[in-house]
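Listed here are the chains, written in short residue letters.
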Amino acid sequence: MSVKTEKRQSLLTRIMNPKYMMVYATVIIFLIIYAYGAIRYGKSGFTTLRTFVNFFTDNAYYGISAVGMTMVLITGGIDLSVASVASLTGMIVAYGYERMGISPVITMLFSMLVGIGLGALMGAAIHYLNVPPFITTLTGSFLARGICSLISRESISMNHPLIDQLAGAKITLYRLVNLQNWEWEKIKPITKIDMTVIIFIVMIIAGTILLQHTRFGRNVYAIGGNEASAKLMGLPVGRTKIAVYAINGFCSSLAGIAYVLVVKSGWNMALLGGELEVISSAVIGGTLLTGGVGYMVGTMFGVLLKSVIPAIINFNGTLSSWWGKIATGGLLLLFIVIQRLVVSYTERKRK
Amino acid sequence: MPEAVRTQTNEPQNILEMRGIEMQFPGVKALDGVDFFLRAGEIHALLGENGAGKSTLIKCLTGVNHKDAGTILLDGKEITPTSPQNAITMGIATVFQEINLCPNLTVAENIFVGRKEFKRKIINAKARELMQRFHLDIDVTRPLSYYSTAVQQMVSIARAVNIESKILILDEPTSSLDENEVQLLFAVMRELKAAGMGIIFITHFLDQIYAISDRMTILRNGRLVGTYDIGEINKLQLVTLMVGKDMENIFDLHPVQVAEDAPDTLKAEHLGAPGPVADISLEMKKGELLGFAGLLGSGRTETAELIFGANRPTSGKIELKGKAVVVKKPFDAIMNGVAFCPEDRKRDGIVGDLSIRENIMLAVQAKRGFLHPLSRAEQNELADKYIKALSIATPDAEKKIGELSGGNQQKVILARWMATQPDLLILDEPTRGIDVGAKAEIQRLMLEMCGDGVSVIFISSEMEEVIRCSNRIVVMRDGKKAAELTGPFDSETQSKILQIIAEGGEAS
């Protein structure tokens, strides 16, 4: 019996808390791959800050969506509609301006409402009608993609000053070169942080606060741990689940907006299969598909991992880009194996 | 004792009065005019066989079911609980047999989730304090899944008492605890009682009722049999009242005679696996019943798992029916005529969504191989045969096993292994969590099988059962065979076993 366990809360035992193990695994693997790239391609510029910032830029829209997805996965659910909803958002914004002359500000807000509404609707179906999340959100995905195609079956490219402005709004990074004269100079090679990256990082921070420091967040974890228990503990299970899917809908449409900023067009087949990119980012980041475990920081590193591998292939220059997919697949497998090992290790330890 | 002081001052105060409770289910009257009174500061045992109406009464009180007639008074005021949550806010807290907590949250989070306290620092400090009151010195910031079932059970009690509850309902809280853990729980219960809480205690362990309760209420077939002070009736009378039959007759069981020259079924030499089992040697004759006694975690289950191939031994060898065998996986054991009913029926035994017939078929089919399927007619015949032979209470063989009572589920599992016609049957805690009548039936079945030449290994935490049925008893301690006692056993045996467990000494 493990009644007599060390009680003293040394920093080490707090850090070594088994609940963080998965996040550590992600971070360590990222560091290993980064270190490999740094050693192999350090001379060709792999270690520059610009390359690092690009890890964020490359998959920012997936990252924004992964914030919501992480929450959904923690409740033990899944959402296959995120890419379609993001695509629908792009379509609404593009069609709204190019064909109907509506300001992107209004269409952006409107598409966020659509995302939230669709998410809440799916959440309600999952909770009240007891339809498995997989089926519900697959239906939602078809619906959103269908509406996309209904609006237009062609790609609509967009040309609006606001979009250009937002896409062009970048923070250029400087460094202090002379402490006395307070003299700054641009970091070389010139490194800029995109709007999409800012949204991504803000969402990760907001997601962390929501999950770790609010009652809502704790309820989300409780539902993922054991939904029946959560109900018996008197937690608002239904309300929480619906809110989680609504938040995810919001994240999807925000990701759609970020995507518009990158491609400046709406297309009914945009981001096809993107939901799997989002889900795998969260899983590689240590979120358990069975629910109950997951951290936003982990998800962020999951997204970074999915950027660093193609980057290495790029720097190599001779490898086919499909190796990126193969490596990501291998990584995903590795993570699922690690998750199983961690789970069975803690189970064995309990005995 | 503080509670003694309280009873002197005035007439005991009823904190809860349930009068004339009636509850109708389709086809059965689950509760028929039941009265139940609970005083502040008492531990009140609620007793009855499965189906007697205990759970239904509790469910009426906690708002899971809604009574058809009768009144519930809490502190003199009438209440109608509408949901468990509603009952909690009225001060009625329940701890269920299965742990209803979230394994991924920390201990502290589990105690406080959904409550006013929220900040990690505060709940960690408060949780630490609470656990210390329960004499548990654990790290409350670790996930709950990190700790043993006993600790988890304590945490769920801590959660229940942390809210300002007036009434605490403990539904079979001890069924997965070992002796030390039970004592720990009892200490906590006494403290809560001294603080004036009314505790309703439901358990199948009669010893525990006498060890901790002040009064008891007995139900049978949905009716009230009576409420008694603990000293008023003895154990025998209690069981007689519960079952409605004479205890002597139910438990008129004796070990089966084993012939001196009966061949060996099992011979295990120096079995060991790192950690749980260190060097076990066993020998069993055909038709013999070997009891395993010892505390939880003493290596009883682990030894059984080695013989069955659920875990691989790192040392030693096994002979079955005089033939050396290598058991690498359960399938090898099954093919060699070994059967094993695991301890955790819900997790390792039943397949809840399959029918009784399908559950019985599983092992037979595995033994035959999938190329030789049993025809539906054969399956029906086999299922009906065992339903009848074991008197499994079900309308037909197609009912889902998950819908049966614990005792009947256990019988189906027994049937599954009997159908494979094993030479050696290992039963790990087959009587846990089932009522007295069903226990007696399971034991009778065991003995009948011995009579038919099956060797049985019987693992149980209830020493009386082991002593009653076994030809020989192996006492386990710290993964080793501490002693082996040969029958016939007498009234001294139990204290002898306890002494061996406590001191680890060799038996004479």
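Residues numbered from 1 in each chain as written. Chains lettered and ligands numbered in written order. Predicted model: local features only at pLDDT ≥ 70, side-chain atom pairs only at ≥ 80, totals over all residues. Heavy atoms only, no water.

Caption draft 1: A look at the overall build of chain B. From N to C terminus, chain B includes 19 helices and 20 strands. For 508 residues, the compact-globule formula gives about 23 Å, and the C-alpha radius of gyration of chain B, at 24 Å, lands near that figure. In terms of overall dimensions, chain B has C-alpha extents of about 70 × 50 × 45 Å along its principal axes. Taking all 508 residues of chain B together, the buried fraction comes to 55%. Contacts spanning at least 24 positions in sequence make up 66% of the contacts within chain B whose residues lie at least 6 apart. Here chain B displays about 21,600 Å² of accessible surface, and carbon together with sulfur accounts for 50% of that area. Across chain B, the mean location of the 58 positive side-chain charges is 5 Å away from that of the 69 negative side-chain charges. (Helix = DSSP H or I, 4+ residues; strand = E, 2+ residues; numbered from the N terminus. Rg over C-alpha atoms; globule rule 2.2 N^0.38 Å. Buried < 20%, exposed > 50% of the residue type's maximum accessible area, 1.4 Å probe, protein only. Contact = heavy atoms within 4.5 Å. Areas by Shrake-Rupley, 256 points an atom, 1.4 Å probe, with all protein chains shown as cover. Lys, Arg positive; Asp, Glu negative; His and termini not counted. Charge placed at Lys NZ, Arg CZ, Asp CG, Glu CD.)

Caption draft 2: A look at the interface of chain A and chain B. Listed as interface residues are 32 residues of chain A and, on the opposing side, 42 residues of chain B. Residue A:R218 pairs with B:E109 through a salt bridge whose shortest N-O separation is 3.7 Å. At the junction of chain A and chain B, the tally comes to eight residue pairs in polar contact (both at pLDDT 80 or more). Within the residue set of the side of chain A that touches chain B, elements represented by two or more residues are α10 (215-225), α11 (227-232) and α15 (322-350) of chain A. Among the elements that take part in the side of chain A that touches chain B, α10(A) stands out by supplying seven residues, more than any other. Looking at side-chain class alone, the side of chain A that touches chain B contains nine nonpolar, 15 polar and eight charged residues. (Salt bridge = Lys/Arg side-chain N within 4 Å of Asp/Glu carboxyl O. Polar contact = N/O pair within 3.5 Å; in protein donor to acceptor, adjacent residues only side chain to side chain. Nonpolar A, V, L, I, M, F, W, Y, C, P; charged D, E, K, R; others polar.)

Caption draft 3: Examining the environment of B:G20 more closely. Residue and element names in this part refer to chain B. Topologically, G20 is positioned in strand β1 (residues 14-25). Given a relative accessible area of 26%, G20 falls into the partly exposed group. Along the sequence, G20 and D35 sit 15 residues apart, while their C-alpha atoms lie 5.4 Å from each other. Among all residues touching G20, those that are not within four sequence positions of it are G33, V34, D35, A69 and G70.

Caption draft 4: Fine view of the domain arrangement of chain B. All names here are of chain B. What the domain assignment lists for chain B is domain 1 (2-32 + 40-100 + 165-250) and domain 2 (264-503). A straight line from the C-alpha centre of domain 1 to that of domain 2 covers 33 Å. Summing the contributions of domain 1 and of domain 2, the shared interface buries around 1,300 Å²; its carbon and sulfur component is 55%. At the boundary of domain 1 with domain 2, the tally comes to zero salt bridges. Our count for the domain 1 to domain 2 interface comes out at zero residue pairs in polar contact (both at pLDDT 80 or more). Mapped by element, the contributors of at least two residues to the side of domain 1 that touches domain 2 are α7 (179-194), α9 (235-243) and α10 (247-250). It is α9 that provides the largest number of residues to the side of domain 1 that touches domain 2, a total of three residues. Tallied by class, residues from the side of domain 1 that touches domain 2 come to five nonpolar, five polar and seven charged. (Domains from an automatic or database assignment. Buried area = accessible area lost by both parts, 1.4 Å probe.)

Caption draft 5: Spatial organisation of the environment of B:I122. All names here are of chain B. Assignment of secondary structure puts I122 in helix α5 (residues 120-133). Residue I122 is classed as partly exposed on the basis of its relative accessible area, which comes to 44%. I122 sits 14 residues away from A108 along the chain, and the two C-alpha atoms are 9.5 Å apart.

Caption draft 6: Seen up close, the sheet that holds strand β6 (residues 92-95) of chain B. Residues and elements named next belong to chain B. Taken in spatial order, the six strands line up as β6-β7-β8-β3-β9-β10 in an open sheet, and their pairing is mixed. With partners counted over all chains shown, the strands left at the sheet margins are β6 and β10 (223-229), one partner each. Pairwise comparison of adjacent strand axes, ignoring direction, gives a mean angle of 20° for this sheet. Examined bridge by bridge, β6 and strand β7 (residues 167-171) share four bridges and lie parallel to one another. Bridge pairing in β7 links I92 to I167. Taken strand by strand, helix α6 (residues 149-162) contacts β6 and β7, and its axis lies near 175° from that of β6. Each of β3 (43-47), β7 and β8 (198-202) touches α7; the most contacted strand, β8, lies at about 150° to it. (Pairing = 2+ DSSP bridges. Axes fitted to C-alpha atoms, helices over the stretch in contact; angles between N-to-C directions.)

Caption draft 7: Looking closely at the sheet that holds strand β19 (residues 472-477) of chain B. Residue and element names in this part refer to chain B. Spatially, β16-β17-β18-β13-β19-β20 is the arrangement adopted by the six strands of the open sheet, whose pairing is mixed. Unpaired on one side and paired on the other, β16 (338-341) and β20 (480-486) mark the two borders of the sheet. Averaged over all neighbouring strand pairs, the angle between strand axes comes to 15°, with direction disregarded. Inspection of the sheet shows strand β13 (residues 289-293) paired to strand β18 (residues 455-459) by four bridges, in the parallel sense. Paired with F292 across the strands is I459, a residue of β18. Where helix α11 (residues 300-308) meets the sheet, its contacts fall on β13, β16, β17 (424-428), β18 and β19, and the angle it forms with β16 comes to roughly 145°. In the packing of helix α16 (residues 406-418) onto the sheet, the strands contacted are β16 and β17, and the crossing angle to β16 comes to about 170°.

Caption draft 8: How the structure looks around a nonpolar patch on the surface. Residues A:Y174, A:L176, A:L179, A:W182 and A:W184 make up a contiguous nonpolar surface patch of about 600 Å² in total accessible area. Tracing the backbone shows A:L179 in the loop between β3 (174-178) and β4 (183-186). (Patch = residues over 30% accessible without salt bridge, like charges linked within 9 Å, V, L, I, M, F, W, Y side chains within 5 Å.)

Caption draft 9: Local environment of the packing of helix α6 (residues 104-128) of chain A against helix α8 (residues 161-168) of chain A. All names here are of chain A. The geometry of α6 relative to α8 is characterised by a closest axis approach of 9 Å and an angle of 70° between their N-to-C directions. Overall, the two elements α6 and α8 adopt an arrangement that is roughly perpendicular. Here P104, V105 and M108 of α6 come into contact with α8, specifically with L162, I163 and L166. In the contact of α6 with α8, the residues fall into six nonpolar, no polar and no charged. (Parallel < 35°, antiparallel > 145°, perpendicular 65-115°, else oblique.)

Caption draft 10: Region of interest: the confidence of the model for chain B. Residue and element names in this part refer to chain B. Of all residues in chain B, 94% attain a pLDDT of 70 or more, and the chain-wide mean is 82. Within the model, the stretch residues 1-10 combines pLDDT values under 50 with seven contacts to residues more than four positions away or in other chains. The ipTM for the predicted assembly is 0.83, set against a pTM of 0.73. (pLDDT = per-residue confidence, 0-100.)

Caption draft 11: Looking closely at helix α12 (residues 237-263) of chain A. Residue and element names in this part refer to chain A. Look at α12: 39 Å from first C-alpha to last across 27 residues, which is about the 39 Å you get at 1.5 Å a residue. For α12, a buried count of 21 out of 27 residues is recorded, marking the element as mostly surrounded by other parts of the structure. Immediately downstream of α12, the backbone of K264 shows phi near 50°, a positive value. (Expected span 1.5 Å × (residues − 1).)

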